[in-house]
Amino acid sequence: MIGPALVEALGRIVGPKWVRHRRAELRTYTMDGLPTRESYPGAVVMPGTAAQVREIVRLLHLTDVPFVARGAGTGLSGGAVADPDAVLVSLTRLNRILSVDRARRRAVVEPGVVNARLSEAVAPLGLYYVPDPSSQSACTVGGNVAENAGGPHCLKYGVTTNHIVQLDVVLPDGSELRLGSTHGEPWGPDLVGLFVGSEGMFGIATAITVRLEPLPPSVRTMLADFPTVRAASEAVSSVIATGIVPAAMEMMDRACVAAVEASIYAAGYPTDAAAVLLVELDGQADAVAAEADIVQAILLERGARAVRSASTPGDRARLWQGRKKAFGAMGRIAPDLAVQDAVVPRSSLPDIMDRIAEIRDRHALSISNVFHAGDGNLHPNISFDRRDADVVRRVHVACTEIMAACVEAGGSITGEHGVGSDKLGYMPLIFDAETLGAMRAVRRVFDPAERANPGKVVPIHACREWRAAPGARL
Amino acid sequence: MSDVVHGRLRALLGTAGVERDAAGLPRAIPDSADALSLVCRLAHDEGWKIRIEGQGTWLPADAPADLAVSTRALDQVVSVSPADLVATVQAGTPLEALRRRLADEGMWLALDPPGRPERSLGSIMATATAGPLRHGFGPVRDHVLGCTVATGDGRLVKAGGRVVKNVAGYDLTKLQVGGFGGFGIIAEAHLRLRALPRADVTLLARGMRDALTSAARDAMAAELVPAALELLSPALAAEADWVLAARFVGTDAAVQGDVRRLAPIGNLAWQPLTPDKTAPFWSLVARGSQGGPVTLRLGVLGNGVDDTIDLLAHDLDDNLLSAGAGSGMIRWTGDAPVERLRAVRRAAAAREIPMTLERAPWPVRRALGHFGAYREGVGQLVGQLRDTFDPGQCLQVALEGSGGDGER
Ligand SMILES: Cc1cc2nc3c(=O)[nH]c(=O)nc-3n(C[C@H](O)[C@H](O)[C@H](O)COP(=O)(O)OP(=O)(O)OC[C@H]3O[C@@H](n4cnc5c(N)ncnc54)[C@H](O)[C@@H]3O)c2cc1C
Ligand SMILES: Cc1cc2nc3c(=O)[nH]c(=O)nc-3n(C[C@H](O)[C@H](O)[C@H](O)COP(=O)(O)OP(=O)(O)OC[C@H]3O[C@@H](n4cnc5c(N)ncnc54)[C@H](O)[C@@H]3O)c2cc1C
């Protein structure tokens, strides 16, 4: 639905080889990490500079064409998938680290910089970029900003929003803005905080100033295995109640451990355990050693059968190996993997795990759990084959039931993967019509024509109508 | 007019829900979020201006308005969950009351805002006034998981949620924290708590300002993890010299280790405060900002701290001043004419340092605005966001100045 004239005009901005519009060329862009949504974009354009992004967006504004920003396409909620009437703006060529300020612990990066590359680049300075989604070797900082991504180490250090201080953004009408300040104090209302997590619907981030943190002098990783999921969940709460905040607390259930151990990523996890808990402490060596003793005692007291502990990089990597590769290992069980994401208050973990098991059994599905236990962020992952329509239906029903159960427990429908198109239908479970209306109205301040990533996040039919901002751009 | 307003409010809230302030202005005292939203809707329909008041311990409650809305009857701690370290609290709750309630259950809210202990939670959120603990625990927004807000036209918006990790929908809470009430009146908030630390130790070093700021940088480079590392002017600390205060909280081992590592830093005589002196010291610092009618905060990092204090000392004074050495925040309290304050803001802006007017009498707020001029294009966006949350412009809040700064 994107005409040849527009394709040509885009080519004039970026050079013809950076515009894709033939069906075969578009194939790679029809999906992101969500297996249940597939759509061909009208065209893909790959800008090489921020100035080109602005020109592209300006052109799309003048021609009234919707667009979708795309980083690495690892999103799990369908956020980076575009309809045929929209142009997909792929940002992977914008992959330069623009500057690093060691003294102030800041870096300025382009949005297409891959998360793990940034930490690697600043490691020689003794610094790192904290948010570490499991997809960090592929996903981009721009995508992280849009999704407010998390990761195992966000328990102690916070998620993406806690590490972004300034953003250069191109609004959907092609105008440019700088939000926030390098110092971290917002310049006016906290528009950086508002933009982070807006899932590509407020505009495109073209330069991102992040906080860097010093690499911890000492790290201790512990792996405990438990006879029941409940005991492991209770151990998590007991640790937090001491006031110790581990850098990470990650849990894997029996199904997940079995998948890992059956794969080439086998990490030597005990396959007869009902749950395996990874706890990582970091900080100064004396503090880490003392806290490790306390944590180990709690884990044993709460029923851990054994606690393995490692401090050298090699040994730690072995303990983490299974966790880091869990998604890959689960991906081998069946052709498709629905990676779910929901949150419950930590105290509800034991009950919700029972509920998920019950839902799994009732729908005869294969679910493995690997998740950020410390902050109650669940990832029940359903292995299935999308060619089987009946299984797809059961997967859908089970997901809906899991979401409802998490909401009932006082939780949320997503902790880090975003709403995208996948979770539109669940939004009314946690937000009333007034609040959804307010979200839409805020979106329309940034994007009055609703052309940036249309149709995501806010289920428009469920919104109470808010007055559009008077004098909103066009 | 005032009688009409008073009468309508009484019809809405009953006699107990309305009073008059010292100047005779009708003051609504809603005791629920729903009642608050009704008041806002009435004001919106009638075109009345609202002055937001928390516990009313603020400066002169002086914004010109047709009615005041006080959150002081919204003072319930709705729920506390020790297992989840989350509390739901109404916005008018005084911080001190909340602190006591949480301490009883072994928890705390790691915020130590300037001002008096009876400050309302809503005012701390609306003004985003974090204190020295910002170094270790982050700015106010990091403690707020979600909030319920009555908009200027009386809608109730429930932003965020009650869990620590949550990315459902746009993060509207960020707009409310630090929004100075310009995007609505906060009725209730979900807060992130922490387990009370086993150890809480504060050490003080005294000396020349330059020596102390350089010691603070050394402490950062040595990777100490203080909860607070605050430079305090002599008057603020009630001492003869400048003071660098380091506070460590956590397990005994972690705190003792950091105290040992601090000892050689800066060649200073670090003196620990005895436990009975610790809380009084920090509340003295918090209250210390009372020495003048105007309080500013400037965001600045690292080496910029010295330069910025020089700037303040030169253009204003360095009497009541504190600086978070690692958190990048300087707070100044005093008195100065509007033009001088405007000049400081301009000089700071030229160095890419944002300056926020935290408190001041209305004429100063009106002239300067809490934020003053924005970067190019941002002002239009903020204006439209305000229109969305307060279409009738009922909330009498001066985010931008009137004094012709324009956009930068
Ligand atoms: C195996 C696996 C593990 C994962 N683990 C985690 C995890 O631990 N934690 C976690 O949080 N997520 C995880 N994810 C999800 C995903 O990696 C993250 O959401 C990531 O942030 C997406 O980045 P991306 O570059 O792939 O973005 P994309 O998928 O390309 O895009 C995601 C969204 O961001 C928008 N966007 C992209 N760039 C920009 C920009 N510059 N400006 C504005 N909007 C933009 C897009 O429009 C889209 O809505 C995982 C995914 C996989 C496949
Ligand atoms: C000795 C002394 C020193 C002080 N030093 C400082 C200082 O350094 N920095 C500082 O910021 N304050 C300072 N203050 C102000 C002090 O902290 C006030 O006590 C405090 O702001 C008053 O809180 P309050 O509950 O009375 O709110 P108010 O003063 O009534 O309100 C404060 C501001 O927050 C807004 N507001 C209040 N509640 C809400 C709500 N629920 N929703 C939306 N907006 C709301 C109001 O519009 C107003 O702009 C000082 C006060 C004293 C007496």
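Small disclaimer: the values here were computed from a predicted structure and weren't measured.

Novice: Got a minute to help me understand the overall build of chain A in this structure?
Specialist: Summing up its helical and strand segments, chain A has 16 helices and 20 strands in all. Its C-alpha radius of gyration of 23 Å places chain A within 12% of the 23 Å reference for a compact globule of 474 residues. Seen through its C-alpha atoms, chain A measures out along the principal axes to roughly 65 × 55 × 45 Å. Out of the 474 residues belonging to chain A, those deemed buried represent 63%. The contacts of chain A with a sequence gap of at least 6 include a subset with a gap of at least 24, amounting to 72%. Here chain A has roughly 16,200 Å² of accessible surface; of this, 53% comes from carbon and sulfur atoms.

Novice: Would you mind going over the sheet that holds strand 4 (residues 67-70) of chain B with me for this structure?
Specialist: All names here are of chain B. Read from one edge to the other, the open sheet built from four strands follows the order 1-2-4-3, with strand pairing classed as mixed. Looking along the sheet, the strands with just one partner apiece sit at the ends: strand 1 (18-20) and strand 3 (50-53). In this sheet, neighbouring strand axes are inclined to one another by 30° on average, regardless of whether the strands run parallel or antiparallel. Pairing of strand 2 (residues 26-28) with strand 4 involves two bridges; the strand directions are parallel. Bridge assignment links Ala28 to a residue of strand 4, and that residue is Val69.

Novice: Help me out: how do you make sense of the site of ligand 1 in this one?
Specialist: Residue and element names in this part refer to chain A. Looking at ligand 1, there are 33 residues lining it, with Ala69, Gly71, Thr74, Ser135 and Thr140 nearest. Contacts to ligand 1 include Gly71, whose backbone N or O atom sits 2.7 Å from an oxygen atom. Relative to its free-state accessible area of 980 Å², ligand 1 is covered by the protein chains to the extent of 94%. In this structure the site holding ligand 1 corresponds to the second largest pocket. Those elements giving two or more residues to the shell around ligand 1 turn out to be strand 3 (67-70), helix 5 (141-147) and strand 10 (204-211). At five residues, helix 5 tops the list of elements feeding residues into the shell around ligand 1. Of the residues assigned to the shell around ligand 1, the class counts are 13 nonpolar, 16 polar and four charged. A domain-level breakdown of the shell around ligand 1 finds at least three residues from each of domain 1 (4-90) and domain 2 (97-214).

Novice: What is the right way to read unusual backbone geometry from this model?
Specialist: A negative phi angle is the norm for most residues apart from glycine, just as the trans form is the norm for most peptide bonds. One non-glycine residue, A:Asp64, lies in positive phi territory at about 60°. Here A:Asp64 is to be found in the loop between helix 3 (50-62) and strand 3. The backbone of B:Ala238 shows a phi angle near 55°, a positive value even though the residue is not glycine. With respect to the helices, strands and loops of the structure, B:Ala238 is situated in the loop between helix 8 (234-237) and strand 14 (242-250). Owing to a relative accessible area of 56%, B:Ala238 belongs among the exposed residues under this scheme.

Novice: How should I be thinking about the domain arrangement of chain A in this particular structure?
Specialist: You'll often see interface size given as the accessible area lost when the parts meet. Residue and element names in this part refer to chain A. You can read the domains of chain A as domain 1 (4-90), domain 2 (97-214), domain 3 (218-328), domain 4 (334-408) and domain 5 (431-462). Computed from C-alpha atoms alone, the centre-to-centre distance between domain 1 and domain 2 is 22 Å. Contact with domain 1, which involves 13 residues of that partner, is made by 14 residues of domain 2. Interface area for domain 1 against domain 2, summed over the two sides, is near 1,200 Å², with a carbon-plus-sulfur share of 66%. When residues of domain 1 are sorted by the area they lose upon contact with domain 2, Arg54, Phe67 and Thr74 head the list and together hold 33% of the total. Taken together, domain 1 and domain 2 are joined by one salt bridge.

Novice: I keep staring at the domain arrangement of chain B and nothing clicks. Help me out?
Specialist: Residues and elements named next belong to chain B. Looking at the assigned domains, one finds that chain B contains domain 1 (2-70), domain 2 (77-195), domain 3 (199-288) and domain 4 (294-370). Taken together, the nine residues of domain 2 in the interface contact nine residues of domain 4. Carbon and sulfur atoms make up 59% of the surface buried where domain 2 meets domain 4, a total of about 720 Å² over both sides. For the domain 2 face of the interface with domain 4, the top three residues by lost area are Arg134, His135 and Phe180, together amounting to 63%. At the surface where domain 2 touches domain 4, the tally comes to three residue pairs in polar contact (both at pLDDT 80 or more). Its residues placed into classes, the side of domain 2 that touches domain 4 shows four nonpolar, four polar and one charged.

Novice: How should I be thinking about the interface of chain A and chain B in this particular structure?
Specialist: In this complex, chain A contributes 92 residues to the contact, which on the side of chain B involves 69 residues. Contact between chain A and chain B buries roughly 6,400 Å² in total, counting both sides, with carbon and sulfur atoms accounting for 58%. When residues of chain A are sorted by the area they lose upon contact with chain B, A:His183, A:Glu185 and A:Trp187 head the list and together hold 14% of the total. In this structure, the connection of chain A to chain B is made through eight salt bridges. With a closest N to O distance of 3.1 Å, B:Arg134 and A:Glu185 form a salt bridge. Our count for the contact surface shared by chain A and chain B stands at 21 residue pairs in polar contact (both at pLDDT 80 or more). When residues of the side of chain A that touches chain B are traced back to their parent elements, those giving at least two are strand 9 (176-180), helix 7 (191-195), helix 8 (229-241), helix 10 (285-301), helix 15 (427-430) and helix 16 (433-446) of chain A.

Novice: Just to check I follow, could you spell out empty space enclosed by the protein for this structure?
Specialist: The rolling of a water-molecule-sized probe over the atoms marks out the regions of remaining empty space. All names here are of chain B. Taken as a whole, this structure holds seven cavities of 30 Å³ or more when the rule is applied. In this model, the largest cavity occupies a volume close to 100 Å³. Forming the boundary of the largest cavity are 13 residues, of which Pro114, Pro132, Val285, Ser322 and Arg331 lie nearest the centre. Of the residues forming the lining of the largest cavity, the biggest block, three residues, is contributed by helix 10 (residues 275-288). Residues belonging to the lining of the largest cavity are distributed by class as follows: seven nonpolar, three polar and three charged. Of the residues that make up the lining of the largest cavity, three or more belong to each of domain 2 (77-195) and domain 3 (199-288).

Novice: Mind showing me how you'd approach the side chain of B:Thr88 here?
Specialist: All names here are of chain B. Secondary-structure assignment places Thr88 in strand 6 (residues 86-90). Looking at Thr88, the relative accessible area reads 4%, which means it is buried. With near-sequence residues (within four places) excluded, Thr88 lies in contact with Val77, Val78, Ser79, Arg162, Glu188, Ala189 and His190.

Novice: Just to check I follow, could you spell out the packing of aromatic side chains for this structure?
Specialist: In this description, a pair of aromatic rings is defined by centroid distance and the angle of the planes. All chains considered together, the criterion is met by nine aromatic pairs over all chains. Geometrically, the ring pair formed by A:Phe195 and A:Phe202 is edge-to-face, given 6.3 Å between the ring centres and 70° between the ring planes. For A:Phe195, a relative accessible area of 3% translates into the label buried. Plain terms: the ring middles of A:Trp466 and B:Phe389 are 5.8 Å apart, the flat faces sit at 75° to each other, and that makes the pair edge-to-face. Of this pair, A:Trp466 sits in the segment after helix 16 while B:Phe389 sits in helix 14 (residues 378-389), on two different chains. Of the two residues, A:Trp466 and B:Phe389, neither departs from the other in class, the shared state being buried. Taken together through their ring pairs, the aromatic side chains of A:Phe195, A:Phe202, A:Phe446 and B:Tyr170 make up a single cluster. Over the ring of A:Tyr40 we find A:Arg23; its NZ or CZ atom is 3.7 Å from the centre of that ring. Between B:Arg155 and the ring centre of A:Trp466, over which it is positioned, the NZ or CZ distance is 4.5 Å.

Novice: Looking at this structure, how should I read the side chain of A:Asn453?
Specialist: All names here are of chain A. Structurally, Asn453 can be placed in the segment after helix 16. A distance of 3.0 Å separates the side chain of Asn453 from the backbone oxygen of Gly79, its partner in a polar contact. Apart from the residues lying within four places of it in its own chain, the contact partners of Asn453 are Phe67, Val68, Gly79, Val81, Glu199, Gly200, Met201 and Arg443.

What counts, and at which threshold
Residues numbered from 1 in each chain as written. Chains lettered and ligands numbered in written order. Predicted model: local features only at pLDDT ≥ 70, side-chain atom pairs only at ≥ 80, totals over all residues. Heavy atoms only, no water. Helix = DSSP H or I, 4+ residues; strand = E, 2+ residues; numbered from the N terminus. Rg over C-alpha atoms; globule rule 2.2 N^0.38 Å. Buried < 20%, exposed > 50% of the residue type's maximum accessible area, 1.4 Å probe, protein only. Contact = heavy atoms within 4.5 Å. Areas by Shrake-Rupley, 256 points an atom, 1.4 Å probe, with all protein chains shown as cover. Pairing = 2+ DSSP bridges. Axes fitted to C-alpha atoms, helices over the stretch in contact; angles between N-to-C directions. Near = heavy atom within 4 Å. Polar contact = N/O pair within 3.5 Å; in protein donor to acceptor, adjacent residues only side chain to side chain. 1 Å grid on protein atoms, 1.4 Å probe; cavity = no way out; pocket = protein on both sides within 12 Å on 5 of 7 lines; lining within 4 Å. Sits in = over half its atoms within 2 Å of the grid points. Nonpolar A, V, L, I, M, F, W, Y, C, P; charged D, E, K, R; others polar. Domains from an automatic or database assignment. Buried area = accessible area lost by both parts, 1.4 Å probe. Salt bridge = Lys/Arg side-chain N within 4 Å of Asp/Glu carboxyl O. Points joined across faces, edges and corners; volume = space filled by probe spheres on them. Phe/Tyr/Trp six-rings, centres within 6.5 Å; stacked < 30°, edge-to-face > 60°. Lys NZ or Arg CZ within 6 Å of the ring centre and 35° of its normal.

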